[in-house]
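As a plain string of letters, each chain reads:
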Amino acid sequence: MGSESGRVKRGEQSRISQWLRLRSKPSAEDPGREREALLLAVAAAGLPLAPAAHPAGYRCSCDRIGCPTPARHPVSFAWQTQSTTDRAQIERWARNEPQANFITATGMVHDVLDVPLEAGRSALERLLAAGVEVGPVAESAGTGDQARMLFFTATRGTPEDEDEWWPCALDCHPETMDEHPGLRWHCRGSYVLVPPAALPGDHAVAWVRGIEHPLPDPLTLLETLTDACATYADSNTPATVAWPLGR
């Protein structure tokens, strides 16, 4: 994996900074503009996006009876091929679907290490205190195990030594979320909601550390996150670690 894969190019960094400055303007004046700017900043960082469902009251906009992941899943089954960083396409989606959430497809440019919120906050504090380069981080609010912290990292790609790749059915299918209450590694074939996103019950997904931060190697965060999850499990309910999906 080249060093450039986890870093935003200088030209793109400038555009991201311009878009992020819009966040300082009162969102009540034009929340659609702020939302669009944040999404474009994500795309400029190289993270592909696709439209997702959104809350419809306490239910999901997909109208699926008993939707297991309300407002947390893509609109299209073809989300992997639909995902794009094209500015014009994202602008069209954002303007034509003003309530839609967006997912970002992992395993191409970036992975996401997804941990319980309490464990994530503890790990983030430890990592920053130790001077570790932490990339973008988002909080996904919710109740119980739905409250998560998302650490965005560079993707592991395809290791030269496939023995380094841990095969597992993982959480690449969010319907299995309850089976993996501990650390989840979103890589090839997976996705996460990208901020800003609205969830049922007036919850949301929001940035704690913005997309302007370079993407780190996931292995630099893994030990601390795993330790934090183990501590969280000891003080709450048993937690598991779901390793990345094999080919």
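Described below are features of the structure shown in this document. Predicted, not measured: the structure shown is a model, and the values here were computed from it.

## Details of the overall build of the protein chain
At step 1: Scanning the protein chain from N- to C-terminus turns up six helices and twelve strands.
At step 2: For the protein chain, the proportion of its 247 residues judged to be buried stands at 49%.
At step 3: When contacts within the protein chain are restricted to residue pairs at least 6 apart in sequence, long-range pairs at least 24 apart make up 77% of them.
At step 4: For the protein chain, the exposed surface amounts to about 12100 Å²; the carbon and sulfur share of it is 50%.

## Thoughts on the packing of aromatic side chains
At step 1: Tallied over the full model, the rule gives three aromatic pairs.
At step 2: Seen in terms of ring centroids, tryptophan 93 and phenylalanine 102 are 6.3 Å apart; in terms of plane orientation they differ by 45°. Their pairing is tilted.
At step 3: Its relative accessible area of 10% is what places tryptophan 93 among the buried residues.
At step 4: Here phenylalanine 152 and tryptophan 207 contribute two aromatic rings whose centre-to-centre distance is 5.2 Å and whose plane-to-plane angle is 55°, an arrangement assigned as tilted. Here phenylalanine 152 is found in strand β7 (residues 148–154), whereas its partner tryptophan 207 is found in strand β11 (residues 203–209), with 55 residues between them in sequence.
At step 5: A residue is classified by how much of its surface remains accessible, and phenylalanine 152, at 0% relative accessible area, is buried.
At step 6: Taking the relative accessible area as the measure of exposure, tryptophan 207 reaches 13% and is therefore buried.

## Notes on the pattern of salt bridges
At step 1: If you walk through the whole model with that rule in mind, you get seven salt bridges.
At step 2: Glutamate 91 serves as the salt-bridge partner of arginine 95, at 4.0 Å between the closest nitrogen and oxygen. Taken together, the residues span about one helical turn, with arginine 95 and glutamate 91 both in helix α4 (residues 87–96) at a distance of four residues.
At step 3: The class of arginine 95 is exposed, set by a relative accessible area of 54%.
At step 4: The buried category is assigned to glutamate 91, whose relative accessible area is 16%.
At step 5: Residues aspartate 114 and arginine 148 are paired through a salt bridge, measuring 2.6 Å at the closest nitrogen-oxygen approach. Taken together, the residues aspartate 114 in strand β5 (residues 110–116) and arginine 148 in strand β7 connect sequence positions 34 residues apart.

## Regarding the pairing of strand β4 (residues 101–105)
At step 1: For β4, the buried fraction is high: five of the five residues fall into the buried class.
At step 2: Alternating positions in β4 separate into two faces, Asn101, Ile103 and Ala105 on one and Phe102 and Thr104 on the other, with burial throughout.

Calculation notes
For every chain, the first residue of its written sequence is number 1, and the numbers climb from 1 along that sequence. With the structure being a predicted model, the display of local features is reserved for residues of pLDDT at least 70 and the display and counting of side-chain atom pairs for 80 or more, all residues being used for whole-chain, interface and lining totals. Note: side-chain values were computed over all heavy atoms of the structure, leaving out hydrogens and water. Helix and strand labels come from DSSP, where a helix needs a run of H or I of at least four residues and a strand needs a run of E of at least two; each type is numbered from the N terminus. Relative accessible area decides the class of each residue, using a 1.4 Å probe on protein chains only: under 20% of the type maximum gives buried, over 50% gives exposed, and in between gives partly exposed. The contact criterion used throughout is that any non-hydrogen atoms of two residues lie within 4.5 Å. The Shrake-Rupley method, run with a 1.4 Å probe, gives the accessible areas here. Residue values count only the displayed protein chains as cover. Stacked, tilted and edge-to-face pairs are distinguished by plane angle, under 30 degrees for stacked and over 60 for edge-to-face with tilted covering the rest, among Phe, Tyr and Trp rings (Trp via its six-membered ring) whose centres lie within 6.5 Å. The term salt bridge refers to a pairing of a side-chain nitrogen on Lys or Arg with a carboxyl oxygen on Asp or Glu at a separation within 4 Å.

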